[in-house]
Amino acid sequence: MKILLTSAEVAPFAKTGGLADVAAALPFEWEKFGQEVIIVMPKYAHIDTYHYGFHPTFKIVYVPMGYWMEYGHIWQGTLPHSNVPVYLIENNDYFNRRGIYGDPDEYPDNDRRFIFFSRAVLETAKALNFEPDIIHSHDFHTAFAVAFLKSQYKNDRRFSRTAGVYTIHNLAYQGWFEPGRAMNFSTFGMKEFYKGSWFEHKGMVNAMKAGIMFSDKITTVSPTYAKEIRYPYYSEGMEDVLNLRGADLIGILNGAHYGEWDPENDGLIYCKYNKDFLQGKLRNKTEFLREMGITEEDEPGLPVVGMVTRLTEQKGIDLLINKLEWFLSNNIFRFCLLGSGEGRYEDYFRYIGWKYPKRAYINIGYSNKLAHRIIAVSDFIIMPSRYEPCGLTQIYGLKYGTVPIVRETGGLADTVKEYKGETGEGNGISFFNYNADEMAEAITRGIGIYKSEKDWTAIRRNGMGEDYGSGSSALEYIKVFRWAMS
């Protein structure tokens, strides 16, 4: 099977979240299963082409935009630790700027940037003489690729049998575009924009709706999230569209790339360990606290609650703010944060770090090395999300013997099972209602397990024995691709 995966983010080249990890892990696994895969993504200014071994191909793609033609230059490289070709589309007007989407505010021409890129994907396949069986698009940034596949390119012999599969990673980010601009850039024209059309939603062009409607199959990143988004609370106003395509909507749990996230082989942490050598995890914690200037004489025996996250309302930060200071002031646990996002949340955690220097380690920003270390040294990883399409951090936590405390939603509900002391079954702590008191009670239950040596060993070993690897996800996608082709 020939698969073309296109995404605005692919790790390690460009990343703001889990989308990048999944867009890298799936092709890595598909290649191992004997599929022929290529990746197409934008050439952003920050990508170190020399470091990653990219080189220009001197192939030019000609991209129709409105009534004019624009151009892109193809660069070629390889996904690390694989033979999967990665092609970067260079256009300095669109991608030679800071970041991916614009930070803190999105670039005002993101409609034009990603419509250009979506069409350039198909022109790249033509230039490379790659005739895909599947074009796999991710989130709103590449949604127009499947719309182009099923319209402007449907009579092109190279794509006449190509199926389009569209994956929703986060329904909250849909790509709302002004109709006069987007329909012109896409060459569909305003004649294709009218109430109820496959592009129109609430009077605007909605890129995600186009991806959903034009695709042969639609996937999202966990079975529970696939059910939740059919209801108004989780659907972000898209329940009618999703229920219309409900027979083709499939939830596939994201998988972790254990080649990178495995404490037994992780070169970024202080001490490697496994479920039969949990003393190694304690060494990580001790070394980390020592670097912070904390010894066991400073309130000995306190568990560490970690959090590696985007600081947004979705992630349940408001619940944590409601209770965190009470726990810290009463010496219940130490807190360790790595994250960035909304200024109000960043300011709050800076204040916490200032007020509780021996009990709170706050790092605003992102570091892959620090993410590995915080997950390895923490006793708990907390994710009180309002909604969570899948989440990978809790999966990493399980593998590292770091007990997840989560709200029971989306992929968190699919991966974290409440620990039961009477049977020794379960791998984490969960609560159902989006409520700060329920979250606090879940934390308290976790602290109780931490204080019981038998239960603490059992819950961590249970988590470390789970297999939520990307290989299983990749096989499920291959099934979906075969359905789409048929």
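Now for a look at the structure at hand. (Residues numbered from 1 in each chain as written. Predicted model: local features only at pLDDT ≥ 70, side-chain atom pairs only at ≥ 80, totals over all residues. Heavy atoms only, no water.)

Looking now at the overall build of the protein chain. Scanning the protein chain for helices and strands turns up 19 helices and 18 strands. Expected size for 486 residues packed as a compact globule is a radius of gyration near 23 Å; at 23 Å, the protein chain falls within 12% of this value. Taken along the three principal axes of its C-alpha coordinates, the protein chain extends 70 × 45 × 40 Å. Relative to its 486 residues, the protein chain shows a buried fraction of 60%. Considering only contacts in the protein chain between residues 6 or more positions apart, those separated by 24 or more positions represent 73%. By element, 50% of the accessible surface of the protein chain is carried by carbon and sulfur atoms, the whole surface being about 19500 Å². Across the protein chain, the centroid of the 54 positively charged side chains sits 3 Å from that of the 60 negatively charged ones. (Helix = DSSP H or I, 4+ residues; strand = E, 2+ residues; numbered from the N terminus. Rg over C-alpha atoms; globule rule 2.2 N^0.38 Å. Buried < 20%, exposed > 50% of the residue type's maximum accessible area, 1.4 Å probe, protein only. Contact = heavy atoms within 4.5 Å. Areas by Shrake-Rupley, 256 points an atom, 1.4 Å probe, with all protein chains shown as cover. Lys, Arg positive; Asp, Glu negative; His and termini not counted. Charge placed at Lys NZ, Arg CZ, Asp CG, Glu CD.)

This next bit is on the packing of aromatic side chains. Within the structure shown, the criterion is met by 38 aromatic pairs. Taking 6.4 Å as the distance between ring centres and 35° as the angle between the ring planes, the aromatic pair formed by Phe 188 and Phe 214 counts as tilted. Residue Phe 188 is located in the loop between helix 6 (179-185) and strand 9 (200-201), and its partner Phe 214 is located in helix 7 (residues 207-214); the two are separated by 26 residues in the primary sequence. Residue Phe 188 is classed as buried on the basis of its relative accessible area, which comes to 7%. Here the aromatic rings of Phe 380 and Trp 456 are separated by 5.1 Å at their centres, their planes lie at 50°, and the arrangement is tilted. Here the residue Phe 380 occupies a position in strand 16 (residues 380-383), and Trp 456 occupies one in helix 18 (residues 453-464), the gap between them amounting to 76 residues. This pair shows no difference in class: Phe 380 is buried, exactly as Trp 456 is. Through a chain of ring-to-ring contacts, the aromatic side chains of Phe 144, Phe 148, Phe 188, Trp 198, Phe 199 and Phe 214 assemble into a single cluster. The positively charged end of Lys 43 is found above the aromatic ring belonging to Trp 75, 4.8 Å away from the centroid. Over the face of the ring belonging to Tyr 107 we find Arg 97, whose NZ or CZ atom lies 4.7 Å from the ring centre. (Phe/Tyr/Trp six-rings, centres within 6.5 Å; stacked < 30°, edge-to-face > 60°. Lys NZ or Arg CZ within 6 Å of the ring centre and 35° of its normal.)

Under the criterion given, the structure shown has zero disulfides. Unpaired in terms of disulfides, Cys 271 finds its nearest cysteine sulfur in Cys 336, a separation of 18 Å. (Disulfide = S-S within 2.5 Å.)

The subject of this paragraph is the environment of Ala 413. Summarising the element assignment, Ala 413 is placed in helix 16 (residues 410-415). Residues Ala 413 and Ser 430 lie 17 residues apart in sequence; the distance between their C-alpha atoms is 8.2 Å. With sequence-adjacent residues up to four places away left out, Ala 413 is seen in contact with Thr 224 and Glu 408.

A sheet is described by the order of its strands in space; here three strands give the open sequence 8-10-9, paired in antiparallel fashion. Each edge of the sheet is formed by a strand with only one pairing partner; in this case those strands are strand 8 (176-177) and strand 9. Two elements, strand 9 and strand 10 (residues 204-206), share two bridges in a ladder whose sense is antiparallel. Residue His 201 lies in a different strand from strand 10, and its bridge partner there is Met 204. Running at roughly 50° to strand 10, helix 7 makes contact with strand 8, strand 9 and strand 10 of the sheet. (Pairing = 2+ DSSP bridges. Axes fitted to C-alpha atoms, helices over the stretch in contact; angles between N-to-C directions.)

Taken as a whole, this structure holds 25 salt bridges when the rule is applied. Notably, a salt bridge pairs Asp 109 with Arg 97, separated by 2.9 Å at the nearest N-O pair. Remark: Arg 97 occurs in the loop between helix 3 (92-95) and helix 4 (110-127) and Asp 109 occurs in the loop between helix 3 and helix 4; sequence separation between them is twelve residues. One exposure class covers both Asp 109 and Arg 97, and it is buried. Taking the shortest distance from any N to any O, the salt bridge between Lys 355 and Glu 325 comes out at 2.7 Å. Remark: Glu 325 occurs in helix 12 (residues 317-329) and Lys 355 occurs in helix 13 (residues 343-355); sequence separation between them is 30 residues. A relative accessible area of 40% places Lys 355 in the partly exposed class. Because the salt bridges share partners, they merge into one network encompassing Lys 217, Arg 245 and Asp 248. (Salt bridge = Lys/Arg side-chain N within 4 Å of Asp/Glu carboxyl O.)

Trp 30, Met 41, Tyr 44, Leu 79, Phe 144, Phe 199 and Ile 212 are the most contacted members of the largest nonpolar core, which totals 124 residues. Ranked by size, the runner-up nonpolar core spans 35 residues in total, among them Met 307, Phe 333, Ile 429 and Ala 442. (Core = buried A, V, L, I, M, F, W, Y, C linked by side-chain atoms within 4.5 Å.)

Moving on, we come to the sheet that holds strand 18 (residues 429-431). Pairing in this open sheet of six strands is parallel, and the strands run 15-14-13-16-17-18 from one edge to the other. Since the sheet does not close on itself, it has two edges, and those belong to strand 15 (360-364) and strand 18, each with one partner. Here the average twist between neighbouring strands, direction ignored, is 15°. Pairing of strand 13 (residues 304-311) with strand 14 (residues 334-341), which is carried by eight bridges, proceeds in the parallel orientation. Bridging from a neighbouring strand, Met 307 pairs with Leu 337 of strand 14. The strands touched by helix 12 within the sheet are strand 13, strand 14, strand 15, strand 16 and strand 18, with strand 13 carrying the most contacts at an inclination of about 150°.

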